[in-house]
Amino acid sequence: MSSKKDEQLEQYRVKDEGQKLTTNQGLKMAEDEFSLKAGERGPTLMEDFHFREKMTHFDHERIPERIVHARGYAAHGEFQVYESMKKYTKAKFLQDPSVKTPVFVRFSTVAGSRGSAETVRDARGFATKFYTEEGNYDLVGNNIPVFFIQDAIKFPDLVHALKPEPHNEIPQAASAHDTFWDFIANNQESAHMVMWAMSDRAVPRSFRMMEGFGVHTFRLVNEEGKAHFVKFHWKPVLGTHGLVWDEAQKISGKDPDFHRRDLSEAIENGDFPEFELGIQVVEEKDEFNFDFDLLDPTKLWPEEDIPVKIVGKMTLNRNVDNVFAETEQVAFHPGHVVPGIDFTNDPLLQGRLFSYTDTQLIRLGGPNFHELPINRPVCPFFNNQRDGYGRHTINVGQVSYHKNSLAGNTPAPASEAEGGYSHYQEKVEGRKVRKRSESFKDHFSQATLFWNSMSEPEKEHIIEAFSFELGKVESPSVQQQVVDMFVNVSPDLIRPVAEAIGAKVPEGTGTGVTKSSPALSMENTKKKPDTRKVGVVAGDGFGKEAAEVVEALKARGLQPEVISNKLGQLKGADGTELKVKHTFLTCDSVLFDALYVAGGSNESKKFQQDAAYFIMEAFSHFKPIGATGEGGKYLEKFAGSPGIVTGNDTVGFADSFISAVAAHRHWDRELV
Ligand code: HDE
């Protein structure tokens, strides 16, 4: 069923196929390959309006990319609450479980340019536009629940330090360089988010397998005007999973479009990505009952102390028609709210409320970006704003001011009872100061909480990530400053890093925080085999069970794809056929979650070498690998290792292999 937003977008969809070619004025053209010239070999003429129109339009095809979050990908979908959230908010789209609210979600990396690779180490943007009957509500979040800085005024500095260095514009989409780490060491409020950025959270397996967080504390306000503090969460139904760093780097080269391909293919296959919306709620009277300040965006609310209440589900079910028109032109803004959702004085949030409109003005070329199809609300909008670049609306009538008598003083403000937005009347008093609140000054306790909450493999990955990033830093002074900073989080974390980069091992005992929050570890996430991509390594003469295993994997919702030394159809020992999707040349083991080795009866030496390399690489990335029949010989040297499954009984094998795939990775494996 199409949503109200789909219906609205329909009127803008144009299919050129089958049409005659015209200019933008609708004039049919008799020729589109040759410019108008004075003679066949003569100069091109000014008169050639068609050439000039076509070239001018082309010359202006690009718009400035987003200063951050330039590389992104999006999809349409819908959101439904499980039960009314009336107790907390009057927001209409959160009242009725039968109401489907259309949504548009853009996922993104932060640092890289629009053409950069997608599996870099970075936070991911997770921005959702809800097209509600009361206007658009944007939840503009990230996949990390805290941020690097506490005050918006430092954002330009952070981003300058993170982006490629200005003298040589290197490195692209990476934090492993001097200026980033110099910023970190000199702005120690960043410690907590750096821990997340060095963890596997920053190399997600898929946009479909990441959590989302609103980061700031917001307010929900109910019909009675009562407010609660709230943190927003998105929980992926497939669980939260990461890549191995070596794998992520290789994917950046083998398939820089890995995440967008994964998202669009999943939607194309009908495996619609789902995320549950969760809220953590704190009563206003409890504002000061925590050992951190609720307004501090470098702090999370441990889920074990304040449980996440799951309140609804979002399903992404439609790919965009046109990436520029939709994904590039969509304009998010944390200030796009509806009655029942309000702000707090988090100084990072307050600054964002300015920045987002400002940035759209330069990016989308003027103040009418709300009229672009992807940005239009599904409810009508009326006010006295007029004119400007790219105005679509033809406002009819004489009056464009308030108050007036000629139009009966309309458009008129709506009272709260009529659905008018009025800001929560928080009492505020204080002196005008440029200061950080004392309550914002503990930068390390929650960084230690995060460290304490990690499993052993996750801790190892964080140590490796610091060693990689600081290993790329050229200034010994910056390296030492960072090491000296992070001893405050935990000596167990930073001592091996100091050794790996040849820095002086710092003294220090950390914060002494012993608490942990199991919800922060990805090891404790949901483990499901659904939609996982399995590379099926097969050659001619594969055993008769192979095609059955492939069918069994498909039946359980996995995505098997056959890899061989040539494209076409493979013939099994019993005459069954398998269609080859990739050759060893056109794909790589890093692009799969698991391998199933069916082998063949008569593989060439080259086939055997290529298959062995594939398998070795998958093994070193801790991936599940299964084999039956002829494939068994490839796994002999890994026999007994965790996540290695062999067998000849189709059903039994498929079951054990699928459980191994569901586990995601087998970290307890000894690498050979
Ligand atoms: Fe953003 N951010 N941001 N940000 N942000 C932008 O807006 C900004 C912050 C986030 O897919 C820009 O339209 C400031 C936190 C996402 O289109 C810009 C500060 C969080 C996206 C901007 C922050 C985010 C943006 C650039 C510090 C997580 C991509 C282009 C005060 C809660 C949205 C644009 C999309 C984009 C400013 C910090 C999330 C410049 C000043 C914290 C997901 O306006």
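Residue positions within a chain follow its written sequence, with the count starting from 1. Where totals are concerned, whole chains, interfaces and linings use all residues; where local detail is concerned, this predicted model gives features only for residues with pLDDT of at least 70, and gives and counts side-chain atom pairs only at 80 or more. The side-chain quantities take in all heavy atoms of the structure and omit both hydrogens and water.

**Brief notes about the environment of Asp 262**
Here is step 1: On the secondary structure map, Asp 262 appears in helix α7 (residues 258-268).
Here is step 2: With a 1.4 Å probe rolled over the protein chains alone, any residue whose accessible area is under 20% of its type maximum counts as buried; one over 50% counts as exposed, and the rest are partly exposed. Overall, the relative accessible area of 10% leaves Asp 262 in the buried class.
Here is step 3: As a C-alpha pair, Asp 262 and Glu 670 span 408 residues in sequence and 30 Å in three-dimensional space.
Here is step 4: Between two residues, a contact is recorded if the distance between any of their heavy atoms is within 4.5 Å. Residues within four places of Asp 262 in sequence aside, it is in contact with Arg 205, Ser 206, Phe 207 and Arg 208. Numbering of helices and strands runs from the N terminus; a helix is a DSSP stretch of H or I covering at least four residues, while a strand is a stretch of E covering at least two.

**Here's the deal with the coordination of the iron atom of the ligand**
Octahedral metals with six donors have ideal donor angles of 90 or 180 degrees. Tetrahedral metals with four donors have an ideal donor angle of 109.5 degrees.
Here is step 1: Each metal site is built from N, O and S donor atoms within 2.8 Å (3.2 Å for Na, K and Ca), and since water is not included, such sites may look incomplete. Exactly one donor from the protein chain reaches the iron atom of the ligand: Tyr 356 (OH), at 1.8 Å.
Here is step 2: One can find Tyr 356 in helix α9 (residues 347-363).

**Details of the pairing of strand β13 (residues 568-571)**
Here is step 1: Sheet topology places β13 next to strand β14 (residues 577-583); four bridges connect them, and they run antiparallel. The residue bridging Gly 568 from the neighbouring strand is Val 580, located in β14.
Here is step 2: With antiparallel pairing between neighbouring strands as the criterion, β13 and β14 make up a hairpin whose turn holds five residues, including Gly 575 at a positive phi of roughly 90°. For two strands to be treated as a pair, DSSP must find no fewer than two bridges joining them.

**Describing the site of the ligand**
Here is step 1: Here a residue is near a molecule or strand as soon as one of its heavy atoms is found within 4 Å of it. Taken together, 22 residues are adjacent to the ligand, and Arg 66, Arg 106, Ser 355, Tyr 356 and Gln 360 come closest.
Here is step 2: Here a polar contact is taken to be a pair of N or O atoms separated by no more than 3.5 Å, where protein atoms must pair a possible hydrogen donor with a possible acceptor and residues adjacent in sequence count only if both atoms sit in side chains. Contact between the ligand and Arg 106: an oxygen atom at 2.7 Å from a side-chain N or O atom of the residue.
Here is step 3: Listing elements by their share of the shell around the ligand, those giving two or more residues are β3 (124-132), β4 (135-142) and α9.
Here is step 4: Looking at the shell around the ligand, the element that brings in the most residues is α9, giving six residues.
Here is step 5: Class assignment of the residues belonging to the shell around the ligand gives a composition of eleven nonpolar, eight polar and three charged. Classification used: nonpolar for Ala, Val, Leu, Ile, Met, Phe, Trp, Tyr, Cys and Pro, charged for Asp, Glu, Lys and Arg, polar for all others including Gly.

**Some words on the domain arrangement of the protein**
Here is step 1: Domain assignment breaks the protein into domain 1 (1-61), domain 2 (72-153 + 206-246 + 267-371), domain 3 (449-523) and domain 4 (527-662).
Here is step 2: Note that the domain bounds were set by an automatic or database domain assignment. Placing a centre on the C-alpha atoms of domain 3 and another on those of domain 4 gives a separation of 38 Å.

**Re the sheet that holds β14**
Here is step 1: The strand order across the open sheet built from seven strands is β13-β14-β12-β11-β15-β16-β17, with neighbouring strands paired in mixed fashion. Strands with a single pairing partner mark the edges of an open sheet, and in this sheet they are β13 and β17 (644-646). Each strand of the sheet is rotated relative to its neighbour by a mean of 35°, with strand direction disregarded.
Here is step 2: Summarising the sheet, strand β12 (residues 559-564) and β14 pair through three bridges and their orientation is parallel. Of the residues in β14, the one forming a bridge with Ile 563 is His 582.
Here is step 3: For every element, the axis is a line fit to its C-alpha atoms; helices are fit only across the contacting stretch, and the angle between N-to-C directions ranges from 0 to 180 degrees. Packed on one face of the sheet, helix α14 (residues 545-555) meets β11 (533-538), β12, β14 and β15 (594-599) and runs near 160° to β15.
Here is step 4: Here helix α15 (residues 605-620) sits on the sheet and contacts β11, β12, β15, β16 (625-627) and β17; the angle it forms with β15, its principal contact strand, is near 155°.

**Some details on the pattern of salt bridges**
Any two side chains of opposite charge can pair, given that their charged atoms come close.
Here is step 1: Salt-bridge detection follows one rule: a side-chain nitrogen of Lys or Arg within 4 Å of a carboxyl oxygen of Asp or Glu. Counted under the stated rule, the structure contains 48 salt bridges.
Here is step 2: The partner of Arg 201 in a salt bridge is Glu 211, and the shortest N-O contact between them spans 2.6 Å. On the criterion of sequence distance, the pair formed by Arg 201 in the loop between α5 (191-197) and β5 (212-213) and Glu 211 in the loop between α5 and β5 is long-range, its members being ten residues apart.
Here is step 3: A relative accessible area of 6% places Arg 201 in the buried class.
Here is step 4: Judged by its relative accessible area of 5%, Glu 211 falls in the buried class.
Here is step 5: With a shortest N-O distance of 3.5 Å, Lys 581 and Glu 561 are connected by a salt bridge. One end of the pair, Lys 581, is in strand β14; the other, Glu 561, is in strand β12, with 20 residues separating them in the sequence.
Here is step 6: For Glu 561, a relative accessible area of 9% translates into the label buried.
Here is step 7: One salt-bridge network, in which partners are shared between bridges, spans Asp 6, Glu 10, Arg 13, Arg 318 and Asp 321.

**What to know about the layout of surface pockets**
Here is step 1: In this analysis, the protein atoms alone were mapped onto a 1 Å grid. Cavities are point sets where a 1.4 Å probe fits without being able to get out; pockets are open sets with protein on both sides within 12 Å along at least five of seven lines; lining residues have an atom within 4 Å of a point. Grid points are joined across faces, edges and corners, and a volume is the space filled by probe spheres set on the points. There is about 1,600 Å³ of room inside the largest pocket.
Here is step 2: Pro 380, Phe 381, Phe 382, Asn 383 and Gln 385 are the residues nearest the centre of the largest pocket, which is lined by 48 residues in total.
Here is step 3: For the lining of the largest pocket, the elements supplying multiple residues, two or more each, are β4 and α9.
Here is step 4: Ranked by the residues each element gives to the lining of the largest pocket, the list is headed by α9, at three residues.
Here is step 5: Classifying every residue of the lining of the largest pocket by side-chain character gives 20 nonpolar, 21 polar and seven charged.

**Some remarks on a nonpolar patch on the surface**
Here is step 1: On the surface, Phe 51, Met 55 and Phe 58 cluster together into a nonpolar patch covering about 280 Å² of accessible area.
Here is step 2: Turning to its location among the elements, Met 55 is positioned in helix α2 (residues 49-59).
Here is step 3: For Met 55, a relative accessible area of 34% translates into the label partly exposed. Residues enter patches when they are more than 30% accessible in relative terms and free of salt bridges; like-charged ones are connected within 9 Å and nonpolar ones (Val, Leu, Ile, Met, Phe, Trp, Tyr) within 5 Å. Only the protein chains shown count as cover for residues, and the accessible areas themselves come from Shrake-Rupley with a 1.4 Å probe.

**Topic: the side chain of Arg 363**
Here is step 1: Within the secondary structure, Arg 363 sits in helix α9.
Here is step 2: For the buried Arg 363, no salt bridge is present, and the opposite-charge side chain at shortest range is Glu 328, 4.3 Å distant.
Here is step 3: In this structure the side chain of Arg 363 is engaged in a polar contact, spanning 3.0 Å, whose partner is the side chain of Gln 360. Just so you know, the count uses Lys and Arg for positive and Asp and Glu for negative, and it drops His and the chain ends.

**Topic: the packing of aromatic side chains**
Here is step 1: Pairs were defined over the aromatic rings of Phe, Tyr and Trp, the Trp ring being its six-membered one, requiring ring centres within 6.5 Å. Orientation was assigned from the angle between planes: stacked under 30 degrees, edge-to-face over 60, tilted for the rest. Following the criterion strictly, the structure yields 30 aromatic pairs and no others.
Here is step 2: Here the aromatic rings of Phe 130 and Tyr 137 are separated by 5.5 Å at their centres, their planes lie at 20°, and the arrangement is stacked.
Here is step 3: Here Phe 130 falls in the buried class, since its relative accessible area comes to 1%.
Here is step 4: Among the aromatic residues, those joined into a cluster by ring pairs are Phe 79, Phe 93, Phe 107, Phe 126, Phe 130, Tyr 137, Phe 207, Trp 234 and Phe 275.
Here is step 5: Look at NZ for Lys and CZ for Arg. If either is within 6 Å of the ring centre and within 35 degrees of the ring normal, a charge sits over the ring. The ring of Trp 245 carries the charged tip of Arg 121 above its face, separated from the ring centre by 4.8 Å.
Here is step 6: The residue whose ring lies beneath Lys 129 is Phe 332, and the NZ or CZ to ring-centre distance is 5.2 Å.

**Digging into unusual backbone geometry**
Here is step 1: Residue Pro 171 is reached from Ile 170 by a cis peptide bond, and omega for that bond is 0°.
Here is step 2: Following the sequence through the fold, Pro 171 ends up in the loop between α3 (155-162) and α4 (178-186).
Here is step 3: With omega at -5°, the peptide bond leading from His 402 into Lys 403 counts as cis.
Here is step 4: If you trace the backbone, Lys 403 turns up in the loop between α9 and α10 (445-453).
Here is step 5: A positive phi angle, close to 60°, is found at His 69, a residue other than glycine.
Here is step 6: For Glu 169, which is not glycine, the phi torsion reads 50° and is therefore positive.
Here is step 7: Positionally, Glu 169 belongs in the loop between α3 and α4.

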